[in-house]
Amino acid sequence: MYPHLAALFDFLRFVKIPAMLDLKFVRNNPDVIRKNVADRNVSVDVDAILALYDRRNEVLQTVEALRTRRNENAAAMKQKLDDEQRAGLIAEGKRLKEEIAGREDELKTVERDLHEAADALPNLTHPDTPIGADESANRELEIVGTAPKFDFAPRDHVRLGTELDIVE
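Keep in mind it's a predicted model, so treat the numbers as computed, not measured.

Q: Which parts of the structure should I look at to understand the overall build of the protein chain?
A: Along the backbone of the protein chain there are six helices and zero strands. Starting at the N terminus and ending at the C terminus, the protein chain contains elements arranged as α-α-α-α-α-α. Residue pairs at least 24 apart in sequence account for 72% of intrachain contacts in the protein chain once pairs closer than 6 positions are excluded. Carbon and sulfur atoms form 55% of the exposed surface of the protein chain, whose accessible area is close to 13,300 Å².

Take a look at the structure:
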């Protein structure tokens, strides 16, 4: 219907727009989200989003616990230790560093998947919004003024811009 907007829509496919719904709200109100998804006629797997959210929280807690252990290990290294104890703490520190790096990679992957899935969630609709499959369910609330009547065929902005040579 609006071919001049095709380039804009092509561009917008590459623009990253963050999810508008708070994921904690989604987790705490899954039935509200499912109903909204159904009312908006959108195909989104809410259960998959919830599973990814829970997985993200599990991995995040693991990473934070490992970081705490790493910090405790580093603090223990500052104490006066014999060579055997120091070597044991150094080995533990290296192991923790590797494990943290692996878990952080996992966390990044889970978060990326979560945000990609959550981006498909539609915003919540107002309770007074009519529910329907298309525009025919909409209702006109008020008409302000009268529609203008022209004694000529109106032109859209693209045609006017082209005729006035102000659009490339």
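Q: Which parts of the structure should I look at to understand unusual backbone geometry?
A: Across the chain, the bulk of peptide bonds are trans and the bulk of non-glycine residues have phi less than zero. Positive phi is not limited to glycine here, since N41 has a value of about 55 degrees. With respect to the helices and strands, N41 occurs in the loop between α3 (30-39) and α4 (46-77). Look at D165: it is not a glycine, yet its phi comes out positive at around 55 degrees. Position of D165 relative to the elements: it lies in the segment after α6 (157-163).

Q: Explanation requested: the nonpolar core in the structure shown.
A: Taken as a class, soluble globular proteins show a tendency for nonpolar side chains to be buried jointly. V26, I33, V37, V46 and L121 are the most contacted members of the largest nonpolar core, which has 13 residues in total. Among the elements of the structure, α2 (23-28), α3, α4 and α5 (83-118) are those that each provide at least two residues to this core. Ranked by residue count, the leading element in this core is α4, at four residues. With residues up to four places along the chain from it excluded, the contact list for V26 reads L21, I33, L50 and L121.

Q: Would you mind showing me how to read the pattern of salt bridges here?
A: Two side chains bearing opposite charge may form a pair once their charged atoms approach each other closely. Inspection of the entire model under this criterion finds 16 salt bridges. Between D31 and R34 there is a salt bridge, and its shortest N-O distance comes to 3.1 Å. Of the two residues, D31 and R34 both sit in helix α3, three residues apart, roughly one turn of that helix. Owing to a relative accessible area of 60%, D31 belongs among the exposed residues under this scheme. The class of R34 is partly exposed, set by a relative accessible area of 31%. Salt bridges sharing partners connect three or more residues here, namely R55, E58, R103 and E106.

Q: For this particular structure, what's the right way to read the environment of I131?
A: Along the chain, the position of I131 falls in the loop between α5 and α6. When its relative accessible area of 54% is taken as the criterion, I131 is described as exposed. Measuring from C-alpha to C-alpha, the distance between I131 and D39 comes to 6.0 Å, with 92 residues separating the pair along the chain.

Q: Help me understand the packing of aromatic side chains in this model?
A: Here a ring pair, both rings aromatic, is described through the centre-centre distance and the interplanar angle of the planes. Applying the stated criterion to the full structure yields one aromatic pair. Residues F150 and F152 carry aromatic rings whose centres are separated by 5.2 Å and whose planes lie at 45 degrees to one another, so their mutual orientation is tilted.

Q: Whenever I open this one, a nonpolar patch on the surface confuses me. Can you help?
A: A contiguous nonpolar patch, built from L160, L164, I166 and V167 and spanning about 390 Å² of accessible area, is present on the exposed surface. The residue L160 is located in helix α6 in this model.

So, how was this worked out
The numbering scheme is per chain: residues are counted from 1 as the chain's sequence reads. Where local features are concerned, this predicted model is filtered to residues with pLDDT of at least 70; where side-chain atom pairs are given and counted, the filter is 80 or more; whole-chain, interface and lining totals use all residues. Heavy atoms from the whole structure form the basis of all side-chain values; hydrogens and water molecules are not counted. Strands here are runs of E lasting at least two residues and helices are runs of H or I lasting at least four, both read from the DSSP assignment and numbered beginning at the N terminus. Two residues form a contact once any of their heavy atoms are found within 4.5 Å. In these tables, accessible area is a Shrake-Rupley quantity obtained with a 1.4 Å probe, and a residue counts as shielded only by the protein chains included in the view. The nonpolar core is taken to be a set of buried Ala, Val, Leu, Ile, Met, Phe, Trp, Tyr and Cys residues, with the residues joined through side-chain atoms within 4.5 Å. Relative accessibility thresholds used throughout: buried, under 20% of the residue-type maximum; exposed, over 50%; partly exposed, between the two (1.4 Å probe, protein chains only). A pairing counts as a salt bridge when a side-chain nitrogen of Lys or Arg comes within 4 Å of a carboxyl oxygen of Asp or Glu. Pairing of aromatic side chains requires ring centres within 6.5 Å, counting the rings of Phe and Tyr and the six-membered ring of Trp. Pairs whose planes differ by under 30 degrees are stacked, by over 60 edge-to-face, and all others tilted. Patch definition: residues with relative accessible area over 30% and no salt bridge; like charges joined within 9 Å; nonpolar side chains (Val, Leu, Ile, Met, Phe, Trp, Tyr) joined within 5 Å.

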